[in-house]
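One-letter residues, chain by chain:
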Amino acid sequence: MSANISSEVIAAFLILVGTIFSFLSAIGLIRLPDVYTRSHAASKSSTLGVLCTLLGALLYFWITDGYFSIRLILGIFFVFLTAPVAAHLICRAAYRSNVELAKESVQDDLKEVFKRD
């Protein structure tokens, strides 16, 4: 019985950590200055938040009900597959559309590659 309770605590902890990461990602989307840093916040921390939340749910249902959900595994896989690609494509499209970097940006590595007019 104590192993069941401790596994539920671990699952609840993972879900709580995932919620905190998702909340911090939302704050980053609001507070960061430009599309490039916002996409970084959206892709990195929200991906980690979704991972922790889905992993906590997977662990909870596996321990309490003995049910291993392939849907949760596929959800984790597709979030890890699509979130970084989407963030990269959004930043690339923004850069090619001449969306300016924030004033606080120190370095533009693509300036020489794409030679803006």
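Within any chain, residue numbers begin from 1 and follow the written order of that chain's sequence. With the structure being a predicted model, the display of local features is reserved for residues of pLDDT at least 70 and the display and counting of side-chain atom pairs for 80 or more, all residues being used for whole-chain, interface and lining totals. Values shown for side chains rest on all heavy atoms present in the structure; no hydrogens or waters enter the calculation.

- Where an unreviewed UniProt entry is consulted, the protein chain appears under the name Multicomponent Na+:H+ antiporter subunit G, with the organism given as Peribacillus huizhouensis.
- UniProt positions are given in the numbering used here, feature names are shortened, and annotations may be inferred rather than shown by experiment. In its Sequence similarities (unreviewed entry) section, UniProt records this for the protein chain: "Belongs to the CPA3 antiporters (TC 2.A.63) subunit G family."

## Here we look at the overall build of the protein chain
Inference 1: Helix numbers and strand numbers start at the N terminus; a helix is a DSSP run of H or I with at least 4 residues, a strand a run of E with at least 2. When you go through the protein chain residue by residue, the secondary structure sums to four helices and zero strands.
Inference 2: For the radius of gyration, the atom set is restricted to C-alpha positions; the globular benchmark scales as 2.2 Å times the number of residues to the power 0.38. Taking 2.2 N^0.38 as the reference for a compact globule, 117 residues should give roughly 13 Å; the C-alpha atoms of the protein chain span a radius of gyration of 19 Å, well beyond that estimate.
Inference 3: Dimensions of the protein chain, computed from the C-alpha atoms along their principal axes, are close to 70 × 25 × 15 Å.
Inference 4: Under the scheme applied here, a residue whose accessible area is under 20% of the maximum for its type counts as buried, over 50% as exposed, and between as partly exposed, the area being computed with a 1.4 Å probe on protein chains only. Split into buried and exposed, the 117 residues of the protein chain put 25% on the buried side.
Inference 5: Long-range contacts, defined as pairs at least 24 residues apart, comprise 62% of the intrachain contacts of the protein chain with a sequence gap of at least 6.
Inference 6: On the protein chain, roughly 8,300 Å² of surface is accessible, and the fraction owed to carbon and sulfur atoms is 69%.
Inference 7: Charge counting follows a simple rule: Lys and Arg are positive, Asp and Glu are negative, and His as well as the terminal groups are ignored. Think of each charge as sitting on NZ of Lys, CZ of Arg, CG of Asp or CD of Glu. Between the centroid of the 10 positive side chains of the protein chain and the centroid of its 9 negative side chains there is a distance of 4 Å. Between two residues, a contact is recorded if the distance between any of their heavy atoms is within 4.5 Å. Using a 1.4 Å probe, accessible areas were evaluated by the Shrake-Rupley method; residue-level cover was limited to the displayed protein chains.

## A short note on the layout of surface pockets
Inference 1: In this analysis, the protein atoms alone were mapped onto a 1 Å grid. Cavities are point sets where a 1.4 Å probe fits without being able to get out; pockets are open sets with protein on both sides within 12 Å along at least five of seven lines; lining residues have an atom within 4 Å of a point. Grid points are joined across faces, edges and corners, and a volume is the space filled by probe spheres set on the points. Space inside the largest pocket adds up to approximately 230 Å³.
Inference 2: Lining the largest pocket we find Tyr36, His88, Cys91, Arg92, Tyr95, Leu101, Gln107, Asp108, Asp109, Leu110 and Phe114.
Inference 3: In terms of residue count, helix H3 (residues 70-96) provides more of the lining of the largest pocket than any other element does, four residues in total.
Inference 4: Gly is placed with the polar residues, together with every amino acid not listed as nonpolar (Ala, Val, Leu, Ile, Met, Phe, Trp, Tyr, Cys and Pro) or charged (Asp, Glu, Lys and Arg). Counted by class, the lining of the largest pocket contains six nonpolar, two polar and three charged residues.

## Some points on a nonpolar patch on the surface
Inference 1: Only residues whose relative accessible area exceeds 30% and that form no salt bridge are eligible for patches; like-charged ones are grouped when within 9 Å, while nonpolar side chains (Val, Leu, Ile, Met, Phe, Trp, Tyr) are grouped when within 5 Å. The term salt bridge refers to a pairing of a side-chain nitrogen on Lys or Arg with a carboxyl oxygen on Asp or Glu at a separation within 4 Å. A cluster of nonpolar side chains, contributed by Trp62, Ile63, Phe68, Ile70, Ile73, Leu74, Phe77, Phe78 and Leu81, occupies part of the molecular surface with about 860 Å² of accessible area.
Inference 2: Of all the elements in the fold, those that place two or more residues in the nonpolar patch are helix H2 (35-65) and H3.
Inference 3: Within the secondary structure, isoleucine 73 sits in helix H3.

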